Amino acid sequence: MTRIAAVCGALPPNRHSQAEITDAFARLCLPEGADRRLLERLHTGARVEFRHLALPLDQYAKLDGFGMANDVFVGSAVDLGAEAVGGALEAAGLAPEDVDMILFTSVTGIAAPSVDARLVGRLGLRPDVKRIPVFGLGCVGGAAGISRLHDYLRGWPDHVAVLLSVELCSLTLQRGDASPANLVAGALFGDGATAVVACGDGRLPERAGPSVLATRSHLYPGSEGVMGWDVRDSGFQVVLDASVPDVVRTYLADDVHGFLADHGLTARDVTAWVCHPGGPKVLEAVAETLRLPDGALDLTWRSLAEVGNLSSSSVLHVLRDTLALRPPPPGTPGLLIAMGPGFCSELVLLRW
C-alpha cells in the first residue's frame, strides 16, 4: 500500500468575486455592445462565488498572445509549486532531500526545463531525484497522479514520492472568443496548485493520512472530442462539449460499482466521496448515476463555490478538505474520482 502523508494547496493572491470576473471577462470575450445575457447566465449557473487568478483582473487585457501568457504561467507555476511542495513536506515531517520522485502535472502551460526541474534547486531537492513531468491529462490529472505515485511506490516501497499539480486556467482564456465553450470555461475555471506527499510500505511517515489500496483508469470509446484543447496561435482554445454529463451518466456507474465489487465493496460501504468539481451539471450527473446520499458531495460543492474548478488540482483540494474538515472513521473505504480529456475517468480506492 501507499500512504498519503500530507496534502497542501496553494492559491494565487488575486482573489475576486464571480461578479467582478463576469464584468472583466465580458469586456475581454464579447464584442463592444454585445448582449451579455448568455455570459451572465453561464456565470451565475456555474455555482462559483470566488476565484483566485494568476494576475490581477486588469492585467488580462495586456496579455499579447500565447508566448506572453505562457511566460506568466512558468513564473507563477514555479512560485505556487514551491509553496505547495514546501508546505506538504513540512506537514509530512519530511525534508526536501527525502524526496525520491516528483511527478508534475499541468494542462494550462508548458515549460522546458519543466516546472519540477526548476523547483529542484529552489526547494533543495536532491539532484538525483526522479522527475516525471506530465502534460495533457487535464481535470483527471490529480487522481491519475496519485495512481502513478502508487504504481511507483509499489516498486520502491522505501521511497518518498511527491505529486505536484499547478493549473493556471485563467491564462488560457481566449480574448474575443464568444463561443459557448469559452464562456463556460471562463465561468468555471480558476487557478491553483496542490502537492501530495506519499510514502511506500517500507517508510511510514510521521503523520499519515489514508492508504491507497487500488486504482483504475478507463478511456471511453468515441469521446475524444468531448474535452480538451485546440492549440492555436493565440494559445489553448478550450474544447468542452455539452455532452459531458451524458458521458458520465452512460459510463461512470458501471466503472465505480465494478471497481468496488472487485475489492468486496459496494457504494454503501464508502464513507468519503472525494470527487472532482467538474461543474454543476457534472456533479448532478455523478450524484444521480451513483445514487449518492444527500450531502455526499458537500465538500466538492464547497470547493467549487470557493475557488472554482482548478482542473487537475481540484480533486486534490477536495482531498485536503476531506482530511481537514470531515475525516471518515478510521479503517473505512473512500473513493477518489476524477474525469478528464480522453474522455476518461480515474478511480482511487482509499482506506482511512
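Predicted model, so just to flag it, every value in this text is computed and none were measured.

Caption draft 1: Quick peek at the packing of aromatic side chains. By the definition in use, this model includes six aromatic pairs. With a centroid separation of 6.3 Å and an interplanar angle of 35°, the aromatic rings of Tyr220 and Phe343 are classed as tilted. Placement of the pair is Tyr220 in the loop between strand S8 (211–219) and strand S9 (227–232) and Phe343 in the loop between strand S12 (333–340) and strand S13 (344–351), with a sequence separation of 123 residues. The pair Tyr220 / Phe343 is uniform in exposure class, with both members buried. Seen in terms of ring centroids, Trp229 and Phe236 are 5.2 Å apart; in terms of plane orientation they differ by 20°. Their pairing is stacked. According to the relative accessible area criterion, Phe236 is buried, its value standing at 5%.

Caption draft 2: Looking closely at the side chain of Ser170. Within the element layout of this structure, Ser170 appears in the loop between strand S6 (160–168) and helix H6 (180–188). Here the side chain of Ser170 touches Asp191 through a polar contact of 2.6 Å, side chain to side chain.

Caption draft 3: Quick look at the UniProt feature "domain: Chalcone/stilbene synthase C-terminal" (unreviewed entry) in the protein chain. Here, UniProt's "domain: Chalcone/stilbene synthase C-terminal" (unreviewed entry) annotation points to residues 218–351. The straight-line gap between the two end C-alpha atoms of residues 218–351 is 21 Å; of that span, 39% is helix and 25% is strand.

Caption draft 4: Expanded view of the pattern of salt bridges. According to the stated counting rule, one finds 16 salt bridges in the structure shown. Two residues, Asp262 and Arg216, come together in a salt bridge whose shortest N-O distance is 2.5 Å. Of this pair, Asp262 sits in helix H7 (residues 244–262) while Arg216 sits in strand S8, and the two are 46 residues apart along the sequence. Taking the relative accessible area as the measure of exposure, Asp262 reaches 52% and is therefore exposed. Arg216 gets classed as partly exposed once you look at its relative accessible area, which sits at 29%. Residues Arg249 and Glu288 are paired through a salt bridge, measuring 3.2 Å at the closest nitrogen-oxygen approach. Here Glu288 lies in helix H8 (residues 280–290) and Arg249 lies in helix H7, a separation of 39 residues in the sequence. Using a relative accessible area of 34% as the deciding quantity, one classes Arg249 as partly exposed.

Caption draft 5: Region of interest: the domain arrangement of the protein chain. Split by domain assignment, the protein chain resolves into domain 1 (2–199) and domain 2 (210–351). Relative placement of domain 1 and domain 2: their C-alpha centres are 18 Å apart. Listed per partner, the contact involves 55 residues of domain 1 and 47 residues of domain 2. Regarding the contact of domain 1 and domain 2, the summed buried area is about 3,900 Å², with carbon and sulfur atoms giving 64% of it.

Caption draft 6: Inspection of the packing of helix H9 (residues 298–307) against helix H10 (residues 314–325) at higher detail. Where H9 meets H10, the axes come as close as 10 Å, and the angle between the chain directions of the two elements is 120°. The angle between H9 and H10 places the two elements in the oblique class. H10 is crossed by H9, and the crossing has right-handed handedness. Here H9 contributes Leu299, Thr300, Arg302 and Ser303 to the contact with H10, which in turn contributes His317, Val318, Asp321, Thr322 and Leu325. Residue composition of the contact of H9 with H10, by class: three nonpolar, four polar and two charged.

About the thresholds
- Numbering of residues begins from 1 in every chain and follows the order in which that chain's sequence is written.
- Residue-level local features of this predicted model are given only where pLDDT is at least 70; pairs of side-chain atoms are given and counted only at 80 or more, and the full residue set underlies all totals for whole chains, interfaces and linings.
- Based on all heavy atoms of the structure, the side-chain values leave hydrogens and waters out of the count.
- The pairing test for Phe, Tyr and Trp rings, Trp by its six-membered ring, is centres within 6.5 Å, and the orientation test on the planes gives stacked under 30 degrees, edge-to-face over 60, and tilted for anything in between.
- Helix and strand assignments follow DSSP, with helices taken as H or I runs no shorter than four residues and strands as E runs no shorter than two, numbered in order from the N terminus.
- We call a residue buried when its accessible area falls under 20% of the maximum for its residue type, exposed when it is over 50%, and partly exposed in between, using a 1.4 Å probe and counting protein chains only.
- For this analysis, a polar contact is any N or O atom pair within 3.5 Å, provided that within protein one partner can donate a hydrogen and the other can accept it, and provided that sequence-adjacent residues contribute only side-chain to side-chain pairs.
- UniProt positions are given in the numbering used here, feature names are shortened, and annotations may be inferred rather than shown by experiment.
- For this document, the term salt bridge refers to a Lys or Arg side-chain nitrogen within 4 Å of an Asp or Glu carboxyl oxygen.
- Each domain span listed reflects an automatic or database assignment of domains.
- Throughout, a residue-residue contact means that at least one pair of heavy atoms, one from each residue, lies within 4.5 Å.
- A 1.4 Å probe defines the accessible area here, and the buried area is the portion of it lost by two parts on being joined, summed over both.
- Every angle, taken between N-to-C directions, lies between 0 and 180 degrees, and every axis is a line fitted to C-alpha atoms, over only the stretch in contact when it is a helix.
- Here is the rule for angles: anything less than 35 degrees is roughly parallel, anything more than 145 is roughly antiparallel, 65 through 115 is roughly perpendicular, and the remaining ranges are oblique.
- The sense of a crossing depends on the near helix, which, turned anticlockwise from the far helix by less than a right angle, makes the crossing left-handed and, turned clockwise, makes it right-handed.
- Under the scheme applied here, ten amino acids are nonpolar (Ala, Val, Leu, Ile, Met, Phe, Trp, Tyr, Cys and Pro), four are charged (Asp, Glu, Lys and Arg), and all others, including Gly, are polar.

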